[in-house]
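# Per-entry structural report
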Amino acid sequence: MSLSGSYHYLAVVLLMVTGLYVVMVNTNLIKKVLGLNIFQTSVFVFYISLGRLEGGTAPILADELSRYANPLPHVLILTAIVVGVATTALALSLVVQIHRAHGTMEEDDIDDREGGATIS
Amino acid sequence: MSTWHLINAGLLGFMVAVAIAVAALRNLFAAVMLFAIYSLSAATLFVALDAVDVAFTEAAVGAGISSILMLATLAATDGREKQHRHRRALPLVLCLALAVVLFAGLHDLAPVGDPAAPAHVHVAPRYLSETATEVGVPNVVTAVLASYRGYDTLGEAVVIFTAGLGVTALLGGHFRRRRSGKNGDV
Amino acid sequence: MIPALVDHLPALQVVTPLLCAPLCVLVRPGRAAHAIASFGAIASLAIAARLLAEVLDHGVLSYALGGWAAPWGIEYRIDGLGAFTLVIVTTVAAVVFPLSRASVEAEVEPARRHLFYAALMLSLAGMAGIAVTGDLFNLFVFLEIASLAAYVLVAFGRGGPAKLAALRYLVAGTVGATFVLIGIGLLYAATGSLNMADVSARLPQVQQSTALKSAFAFLVIGIAIKMALFPLHAWLPNAYARAPSVVGAFLAGSSTKVAVYALIRVVFGVFGADYAFARLSVDWVLLPCAAAGVIAGGVVALFQSDVKRMFAWSSVAQVAYMVLGAALASAAGLSAALVHMMNHALMKAAIFLALGGIVYRTGAVSIDALAGIGRRMPLTLAGLVVASLGLVGVPFTAGFVSKWTLLRAALQGDAWLLATVIVAGSLLTLLYTGRIVEAACLRSPPPGSVSTGTAEAPPGVLAALWLLAGASVFLGLDTSLTVGVAERVAGALLESAAGRWR
Amino acid sequence: MSALPAIAVGIPLAGALGIALAGRRPNLREGVTFVTGAALVAATAALWPAVAAGERPRLALLSVSPELEIAFEAEPLGLLFATLASVLWLVTSLYSVGYMRALAEHAQTRFYACFAVSLAAATGVAFAANVFTLFACYEILTLATWPLVTHHGDDEARRGGRVYALLLLAASIGLLVPALVWTQAAAGTLDFRPGGVLDGHVSPGAAGLLLALYVFGIAKAALMPLHRWLPAAMVAPTPVSALLHAVAVVKAGVFSIAKVSVYLFGPGLLSEAATGRGLMYLAALSIVVAALVAARQDNLKARLAYSTVSQLSYVTLGAMMANVPATLGAGMHILMHAVAKITLFFCAGAILVASGKTRVSELDGIGRRMPITMAAFTVASLGIVGLPPAGGMWSKWQLALGALEAGEGLLLAALLLGSLLSLGYLAPICVRAFYRTPDPASARTIGEAPWPCTTAIAVCALMVLGLFAAPDLLYRLLEPVAAPAADTMAAEAPT
């Protein structure tokens, strides 16, 4: 495959790994949610790339056009975006409640306190 | 390299840079703002990839609503991430392994835009050729969304309902100050 | 049933609980919502039972949603495997939802009970959707519905720890779901289709493709996260332990089973056993993970002082048993996995209900709080013991049948080491179950507690507990419903996949 | 007739239900126990003529799956065990009434109900038509006896109960279940059949491993080193120790081993099995070592428990040797040892009830205060040692013949040494009881135990003596069991 094709996928991989790394390493809960969003968005880019057709246009039918991008990935990603934001909303309300209960959004701190609580 | 490729490569490179910056920044407010920029660039990229509906949604939902939700959360909590004792080695190894598996898979696919790719020859052509007669809407994305795969869209609505229900259960009654903003969003 | 309705059963299976959810929210008071949820669950069970009968009699059912034919529209496709899973999930729901109102009222505050029941319904609808759909992306959507509802349900648990457990569950679950989404994307890119049967039929043309291998890896890892397969299980113990007891009972009984279903569906149904095992040797990954999960889950469970966490860890081990069976890739192994899905669902749901009953009376489920409970709650404890003995694998319980079929399958495959692991897992279960029984029967209650007279779990919870424990004993005596059906299902699944790659 | 074995299993179960229902009225409750016991004795007695005539009444109750069937069948070995258990249950019930009431024990309803369930399980083990049924009843026996072992509910009971349940369950789940699965996989059936079902399906090496799985998996046989549960179980009230740990539980163990050896392996395969010899020597070692340990115990019940460990290995050894006299001897020893040992336990319990004494060293002169009890003790000791005029002599005789026939001089020596040692740890008790002078302070208040206890003891002692007169009956009954062994030997003789 030529370079002109593979840079696209390489970028997708980089974005995905960055997002996942943030999710795995960061203990700040908001940062985790941010990482999750970066991760998901990279998948959106991957899908939309699948839909691209050389020389095509957006899949809105018009008499003078005959080559269109594949509409199916677009449809799927519309759904996925909404699923993503729904997840984010739920995650953030959990973060708010966790902050309310523990006074922090750092997983480490909460674990430390919980560990202390079980010992005492 | 055509202009299209230049724009694409530029946008993708920019996104990678922004994503790494989000990962590195300890100021959460700045990280959220950068994330909004990341989403907007994704939306721009979608326009370049001929996915205007998705671009519009990403801009409104990803860059808009998500960022607002995060800012609202930040306002209700702390703004800074603390320094931590991280274990970085294992996640890094896992991420790299994942990157290899994924890139191997992606590399094997037809190049972006290749008309011979299976995705362009199997199911999709029917949507493009028959929508005009079967559904009668010029925007094929809308037609597929509402008709051929309308059931996914119902599922999507259920997802929103579920999340809304969860947010109400978690914050409803407890969160009067911000109530209108929150519940309206989802 | 009205003939016209019968044709639409696949859709009704999902739509019934789906419609009950907003109704629960609208009617508001907890009791009315409870009635609606109970109706939804029982109706779902009736539909699932009917579907299983139809599938066993007439073969695979296909239902085109919106009237669009298969690869273009979304297809519901129900085979024996799907119908069997549906029966498992809806049985747990139909027993747990109607009868455990008292437990919900003890653990969920009044103003949110209608939302709680709605979330239960959404979770049920999501799981039903996963089991009936024949479309990969639709599978993802319903996976997310079920998962989001599950996060919400866990978050109904008390205090900050429950919320943190829910968030960690959410993060792990979302990563898993996104992996599944990547896998689906790669499959779509390789074949151009999202319909499982269509994808499966088109795969042989691209079988050399690396993209296919990558897709397989992402799908399997994603689903493994969702089912808490060791070492991707970290989210499960706290999520189940800190959720309200009813949620523990329902999710432990159903959600991991649906994930196991998804794994079997993808590995055997979409890719086919030949590709997965002969070509990719996925058993070399799955079997060690499962074996490690059986041992690790059991060992960690042994050292828990919170009994809910103990049984949550036990779930990690039990899921590993199912994967172990499936990864043997033989008809015997696959049917052992299916049998254990059903049996474990009943036993684990019963155990969590019993714990719910104990929480109802004592407010806690540490081993210490259980001391002397045998005298105060003899029937509740007896139910707990019967279900736990099933987990150990004592004869005349469903668990024995599970262990028997699993060992049979392992020996047939000459997998001596795995047979040893299966036995060792049983011994670990014996040890931690023994701790509970001993504390409950032979230790005197803590000095400060109310120790006079008996105070059983609420009657409904007790009834549900005994219904499930009784069912697990029944399935230990008559296996035509489990082994009989599972063998047919497994046979059909392997047969349909065989030879496609040659 | 074919349903009778299954009915026999059902009788004590129904009895348990009746006991639970009659719980508030002790006399009615004990009445139910006696009626049930009598019914069970009648049911087993009714089977004798048919079984002696060569019939094998069999009933398949239900089939769990095509390969797992619950079925009951009466054959000589099982009938012998069932008869033994049912007759001794009746006697024990009489004894229990005296014992439990004299000590005013708590939770007597639970006690009697669990007792009845245990008996049902033991009868089930006796009449099991296949090894799955046997295993299921065997497990139920473990579970049903756990509340009896932990009856006192104190720390000691908790520890004893833990060892008891964990060791027995762990051995059966860890070793016996795999053995069952393996048997099913290799032989295609789990049925007990004369001559065995495994012959020709497994190699001698595999048969050896499988045999080891069975012998150790059936931990109730208390073969060393898996004997620890038996002394631990002595925390139970004495009637439990007597019936369950001299008869129902331990005999279920050795009986299961005998049945597995005879009807699954068969004499041919057993003699080829790679570990057969090793297991025989282990049993011999177990005989001697346990006897030595018994001699060092001062606690009377503990001494009897180790004596049981030693004597059980006689049966295991006999079953492993698998020739005609050894098989006969093993079958007979199940009966002989049971009757003698239950007498000894009854005596120990009677001493506890009457005097509160539990140690051998406290028994000086007690024979003068409790003459009936200690006379019975002496008779039963003869039975254990294997001296006339007690029945124990015949089984030891046959076992010794078996060892000779197998050409195993070392095993013969172990058998004889075991008997000698048992004389060593039992005779001093009798001597002490009759010839030492009692401690004057406490002696005056001691008399015989309540009459139900004494009666039960006397009945058992008479049975020990009576069996001396009845070996022919046992030979005739057990002959068909040993027949395949005779055939094997006949087949091997020309070569």
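All of the points below concern the structure found in this document.

Calculation criteria
Residues numbered from 1 in each chain as written. Chains lettered and ligands numbered in written order. Predicted model: local features only at pLDDT ≥ 70, side-chain atom pairs only at ≥ 80, totals over all residues. Heavy atoms only, no water. Contact = heavy atoms within 4.5 Å. Salt bridge = Lys/Arg side-chain N within 4 Å of Asp/Glu carboxyl O. Helix = DSSP H or I, 4+ residues; strand = E, 2+ residues; numbered from the N terminus. Buried < 20%, exposed > 50% of the residue type's maximum accessible area, 1.4 Å probe, protein only. Phe/Tyr/Trp six-rings, centres within 6.5 Å; stacked < 30°, edge-to-face > 60°. Axes fitted to C-alpha atoms, helices over the stretch in contact; angles between N-to-C directions. Parallel < 35°, antiparallel > 145°, perpendicular 65-115°, else oblique.

Tallying the contact residues gives 82 residues for chain A and 94 residues for chain B. There are one salt bridge connecting chain A and chain B. Note that Arg52(A) is salt-bridged to Asp50(B), the shortest N-O span being 3.4 Å. Those elements that provide at least two residues to the side of chain A that touches chain B are α1 (3-25), α2 (29-51), α3 (71-102) and α4 (107-119) of chain A.

Our focus in this paragraph is the environment of Leu302(C). Residue and element names in this part refer to chain C. Relative to the helices and strands, Leu302 resides in helix α14 (residues 283-302). Distance in space between the C-alpha atoms of Leu302 and Ala165 is 21 Å, their sequence separation being 137 residues. With residues up to four places along the chain from it excluded, the contact list for Leu302 reads Leu428, Leu431, Tyr432 and Arg435.

This part is about the side chain of Asn37(A). Note that Asn37(A) resides in helix α2. Classification of Asn37(A) by relative accessible area gives buried; the value is 7%. Setting aside its immediate chain neighbours within four residues, Asn37(A) contacts Thr88(A), Phe35(B), Ser66(B) and Met70(B).

Let us now look at the arrangement of the chains. Where four pairs of chains are in contact, the pair with the most contacts is made of chains A and B. Left apart from each other, chain A and chain D have a closest C-alpha approach of 26 Å. Structurally, chain B and chain D remain out of contact, their C-alpha atoms never closer than 37 Å.

Bringing the packing of aromatic side chains into the picture now. This model, assessed by the stated rule, comprises 31 aromatic pairs over all chains. Judged by centre distance (5.7 Å) and plane angle (70°), the rings of Phe46(A) and Tyr47(A) are edge-to-face. Grouping residues by exposure puts Phe46(A) and Tyr47(A) together as buried. Ring geometry for Phe137(C) against Phe140(C): centres 5.5 Å apart, planes inclined by 40°, an arrangement best described as tilted. In this pair, Phe137(C) and Phe140(C) are both assigned in helix α7 (residues 136-155), three residues apart and thus about one turn of the helix distant. There is no split in this pair, since Phe137(C) and Phe140(C) are both buried. An aromatic cluster is present here, built from Tyr151(C), Tyr169(C), Trp235(C) and Tyr240(C) joined pairwise through their rings.

What follows covers the packing of helix α11 (residues 300-321) of chain D against helix α12 (residues 324-355) of chain D. Residue and element names in this part refer to chain D. It is at 8 Å that the axes of α11 and α12 come closest, and there the two elements cross at 175°. It follows from the interaxial angle that α11 and α12 lie roughly antiparallel. Here α11 contributes Leu300, Lys301, Leu304, Ala305, Ser307, Thr308, Gln311, Tyr314, Val315, Gly318, Ala319 and Met321 to the contact with α12, which in turn contributes Ala326, Thr327, Ala330, His333, Ile334, His337, Lys341, Leu344, Phe345, Ala348 and Ile351.

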